[in-house]
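# Topology and contacts: notes
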Amino acid sequence: MYNSKIIGLGKYVPDNVVTNDDLSKMMDTNDAWIQERTGIQERRWIKAGTNDTSATMGAKAAKIAIERASLTKDDIDFIVFATLSPDYYFPGCGVQIQDLLDMPTIGALDVRNQCSGFVYAISVADQFIKTGMYKNILVIGAEYHSNGLDKTTRGRGVTVIFGDGAGACVLTREEDTTKGILSTHLHSEGKYADKLIVAGPSIAHWVPEIIEAGDEDVSYFPYMDGTFVFKHAVVRFSEVIIEGLEKNGLQKEDIDMLIPHQANLRIAQYIQSKFKLRDDQVFNNIMKYGNTTAASVIIALTEAWEEGKIKAGDNVVLAAFGSGFTWGSAIIKW
Ligand code: ACO
């Protein structure tokens, strides 16, 4: 048995900054409402006419991660790609990365677990490394939300929250099982699928149906019961962090850095106060990027590392909650 450890991190966000004031020109919203409810000041949205997608942003983040790992694309044994906004209905983005980075014909897998996508993806990669099947795995989280949002007042409750971006890491084999990813914890509760959903286009909600229904059919835009999501998120975040700490004999005081999924600053602040963590023990960047779903944890982890906020020996906790519902955590000895 081995552990896996992160040896390279990268991120890519589009240049195009969309402020809350920019949104207020598209729909009936305002900076004060958005900041007070979500903490978001601005987000990045791919500019129309540029060629970025989830796959291309993921490839850009991946190149940086591979380089920082001091590896080449030919050293990677497997790809795991988390997104809810793939370029195509099928095939998934993982195989596009294999092509975009001109990699050997290694396996590639897509994970469809929304805001928990990156935590699920890193857990899958960790298992492949723990069993000895693969040595170096590229794990990517990327989202191109902006093209699928309702940019009218009808969609304002959801649209103001989401941003585009990508993050990636390289996981490698670690012989010392007291280091690296110590454990991961994954959960789901599918009875709440309709609380945060894009129902179509899908096989069950196919395009002709949507076209026939006309503009009134909003099943192809995200629907969110925000209050319901909030209530479940704060409970599940807490539970899954405690589950991870207990599994490893750690107390909440032992957390050196908590990287929560950047859902909403109020959720992160609730968790911070519940666990009595100082500001330097929790990393948030939702203010700049909004909620980038499967990309948010890996973008935040990358940025925390780039800013020197994570050092060798730290107990780093990743935690996420999202549509499905799904939730999870990863406990890492850096
Ligand atoms: N700008 C201005 N007004 C708005 C906007 C907007 N963008 N959106 C909604 N409103 C209005 C509503 O129409 C409503 O008006 P009314 O009282 O006249 O009917 C009022 O603001 C309050 O609306 P609520 O939906 O009740 O607002 P709430 O205070 O619940 O805040 C929010 C909404 C921020 C989504 C909140 O429910 C929340 O934090 N939910 C957590 C869910 C979350 O974080 N989701 C992120 C994505 S999922 C994930 O990552 C896990």
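Within each chain, residues carry numbers counting from 1 in the order of the written sequence. Totals for whole chains, interfaces and linings use all residues, but because this is a predicted model, local features are given only for residues with pLDDT of at least 70 and pairs of side-chain atoms are given and counted only at 80 or more.

Going by this rule: UniProt positions are given in the numbering used here, feature names are shortened, and annotations may be inferred rather than shown by experiment.
The name given to the protein chain in an unreviewed UniProt entry is Beta-ketoacyl-[acyl-carrier-protein] synthase III, with Mariniflexile jejuense as the source organism. What the UniProt record of the protein chain gives under Sequence similarities (unreviewed entry) is the line "Belongs to the thiolase-like superfamily. FabH family." The record held by UniProt for the protein chain lists under Subcellular location (unreviewed entry) the comment "Cytoplasm".

## Quick word on helix α5 (residues 117-130)
Put simply, the rule is: By the criteria applied, helices consist of DSSP H or I runs no shorter than four residues and strands consist of E runs no shorter than two, each listed in order from the N terminus. Helix span is expected to be 1.5 Å times the residue number reduced by one. Counting other C-beta atoms within 10 Å of a residue's C-beta gives its exposure: the residue is buried at 20 or more, exposed at 12 or fewer, and partly exposed in between, where C-beta atoms are placed from the backbone.
Given a rise of 1.5 Å per residue, 14 residues ought to cover 20 Å, and the 20 Å separating the end C-alpha atoms of α5 matches this to within 8%. Across the 14 residues of α5, 10 count as buried, placing the element largely inside the fold. Among the residues of α5, those classed as buried are G117, F118, V119, Y120, A121, I122, S123, A125, D126 and I129. A positive backbone phi angle near 90 degrees is found at G132, which sits one or two residues after α5.

## Some details on the environment of T302
Rules: Here, residues touch in the contact sense if the C-beta positions derived from the backbone fall within 7 Å of one another.
Within the element layout of this structure, T302 appears in helix α11 (residues 296-306). Contact partners of T302, with chain neighbours within four places excluded, come to L9, G10, K11 and G167.

## Regarding the pairing of strand β12 (residues 315-322)
What counts here: Paired strands are those between which DSSP finds at least two bridges.
In terms of burial, β12 is a largely internal element, 8 of the 8 residues being buried. Across the two faces of β12 the burial is the same, with N315, V317, A319 and F321 and V316, L318, A320 and G322 all buried. With 4 bridges connecting them, strand β11 (residues 257-260) and β12 associate as parallel partners. Counterpart to L258 in the pairing with β12 is V317. Looking at chain direction, β12 and strand β13 (residues 326-333) are connected through 8 bridges and run antiparallel. Paired with V316 across the two strands is I332, which belongs to β13. Between β12 and the antiparallel strand that follows it, β13, lie 3 residues; G324 among them carries a positive phi value of about 145 degrees.

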